[in-house]
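Here are the chains, one letter per residue:
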Amino acid sequence: MAYIEIEHATVRYGDGKNAVLALNDVSLTIEKGEFVCLIGSSGCGKTTLLNAIAGFEGLSSGSVFIDGKQVIKPKIEYVTIFQNYGLLPWRTALKNVELGFKKIGVPKREWEARAKKYISQVGLEGFEDRFPHQLSGGQQQRVAIARALAVEPDVLFMDEPFAALDPITRMKLQDDVLQLTRIHNKTIVFVTHDVEEAVFLADRIVVLAPNPGRIKGIATVRDSKGCDRTSERFIRGRNKIFELLDMKQKTEERPIEYFI
Ligand SMILES: Nc1ncnc2c1ncn2[C@@H]1O[C@H](COP(=O)(O)OP(=O)(O)OP(=O)(O)O)[C@@H](O)[C@H]1O
Ligand SMILES: [Mg+2]
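Residues numbered from 1 in each chain as written. Chains lettered and ligands numbered in written order. Predicted model: local features only at pLDDT ≥ 70, side-chain atom pairs only at ≥ 80, totals over all residues. Heavy atoms only, no water.

Side note on the overall build of the protein chain
Rules: Strands are runs of DSSP state E lasting at least two residues, helices are runs of H or I lasting at least four, and both sets are numbered from the N terminus onward. Note on method: radius of gyration uses C-alpha positions; expected globular size equals 2.2 Å times residues raised to 0.38. Relative accessible area decides the class of each residue, using a 1.4 Å probe on protein chains only: under 20% of the type maximum gives buried, over 50% gives exposed, and in between gives partly exposed. Whether two residues are in contact is decided by their heavy atoms, any of which lying within 4.5 Å being enough. Residue exposure ignores everything except the shown protein chains as possible cover, and the areas themselves are Shrake-Rupley values with a 1.4 Å probe. Charged residues are defined here as Lys and Arg on the positive side and Asp and Glu on the negative side; His and the ends of the chain fall outside this count. For the purpose of locating charges, the reference atoms are NZ of Lys, CZ of Arg, CG of Asp and CD of Glu.
Along its length, the protein chain carries eight helices and eleven strands. Taken over the C-alpha trace, the protein chain has a radius of gyration of 19 Å; the compact-globule value for 260 residues is 18 Å, and the two agree within 12%. Its C-alpha atoms put the protein chain at 55 × 45 × 35 Å along the principal axes. Classification of the 260 residues of the protein chain by burial places 52% in the buried group. Put simply, of all contacts in the protein chain between residues at least 6 apart along the chain, 68% involve residues at least 24 apart. Taken as a whole, the protein chain presents about 12600 Å² of accessible surface, with 49% of it coming from carbon and sulfur. Taking the average place of the 36 positive charges on the side chains of the protein chain and the average place of its 34 negative ones, the gap between the two points comes to 3 Å.

In structure tokens, the structure reads:
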């Protein structure tokens, strides 16, 4: 059995003529340590799929297993980073990072050192005592990443975590996340609209299509991951994903397999 197994996942919202088939019979497996990006147009079901895997969204039918256990509700071992960062405004960066420690049973005397370690890993040493409103959007996002890593989860779910950032900050954070995943070897499911972001970060890119939400294709990234973004290799990989996004495909067809 693969580490994450999504079997025939279907999510239907509403009834009758207002019904939306946000996910239709989606099956996907993810290996431990893999970085998987979900990409596709707005409304194709990326967030629905992410939330279904993370346990925030109940399935109408089908099932999700992580590490052999069926996912029914969110767990502390599987942490989600949302687009709005989810920081508590009345707590400093340090106190935000400490947030999950009680739940996972970290002894109180270790909290500060552990939070500081992760704050420094995301490049925010010296910012421990700032409140979220005293940090830029990119810095807040770094605190959210530090907080997620600090509970040392097995799986990280990220829903367009960099969408609100300018391109330069975004690239810097992509570099950092890639670096951090190389140190920590987490399993990551990452939603993005940005083809280049997916090609830079992912081991596999899952392209979704809307109405009904389904998997259109899966690209295994061999050469382009972590590459110089101006290199020919990277641009070739990126162009393949654009092709895949453009491709017409009937609802009942099998997902297209790609290697980039
Ligand atoms: N709670 C809900 N009730 C009804 N319909 C919903 C609900 N949540 C999502 N949908 C619909 O399900 C479909 C998939 O939504 P989802 O949020 O998963 O898309 P997405 O791919 O994440 O889009 P975006 O890129 O815009 O975030 C859309 O058609 C959306 O309108
Ligand atoms: Mg979404």
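Some details on a positive patch on the surface
Under the convention used in this document: Within the patch definition used here, like charges are joined within 9 Å and nonpolar side chains (Val, Leu, Ile, Met, Phe, Trp, Tyr) within 5 Å, considering only residues with over 30% relative accessible area and no salt bridge. Note on definitions: salt bridges are taken to be side-chain nitrogens of Lys or Arg within 4 Å of carboxyl oxygens of Asp or Glu.
Side chains of Lys-69, Lys-73, Lys-75 and Lys-103 sit close together on the surface and give a patch of like positive charge. The topology assignment puts Lys-73 in the loop between strand S5 (69-70) and strand S6 (78-81). The exposure class assigned to Lys-73 is exposed, which follows from its relative accessible area of 60%.

Quick notes on the sheet that holds strand S2 (residues 20-30)
Stated formally: Two strands are counted as paired when DSSP detects at least two bridges linking them.
One open sheet holds the four strands; their spatial order is S2-S1-S4-S5, and the pairing between them is antiparallel. Taken across any chain shown, the strands that pair with only one partner, and hence form the sheet edges, are S2 and S5.

Regarding the site of ligand 1
This is how the line gets drawn: Near is defined per residue: the residue qualifies when any heavy atom it owns lies within 4 Å of the molecule or strand. Pairs of N or O atoms are called polar contacts if they sit within 3.5 Å, as long as, within protein, a hydrogen donor faces a hydrogen acceptor (for residues adjacent in sequence, only side-chain-to-side-chain pairs). Think of it as three bins: nonpolar holds Ala, Val, Leu, Ile, Met, Phe, Trp, Tyr, Cys and Pro, charged holds Asp, Glu, Lys and Arg, and polar takes everything else, Gly as well.
Surveying the vicinity of ligand 1 reveals 13 residues, the closest of which are Ser-42, Gly-43, Lys-46, Thr-47 and Thr-48. At 2.7 Å, a side-chain N or O of Lys-46 approaches an oxygen atom of ligand 1. In this structure, Thr-47 approaches ligand 1 through a side-chain N or O atom, which is 2.8 Å from an oxygen atom. In the complex, 60% of the free accessible area of ligand 1, which totals 630 Å², lies under the protein chains. Put simply, the parts of the chain that give the shell around ligand 1 at least two residues each are S2 and helix H1 (46-54). The element that contributes the greatest number of residues to the shell around ligand 1 is H1, accounting for three residues. Taken together, the residues of the shell around ligand 1 sort by class into four nonpolar, seven polar and two charged.

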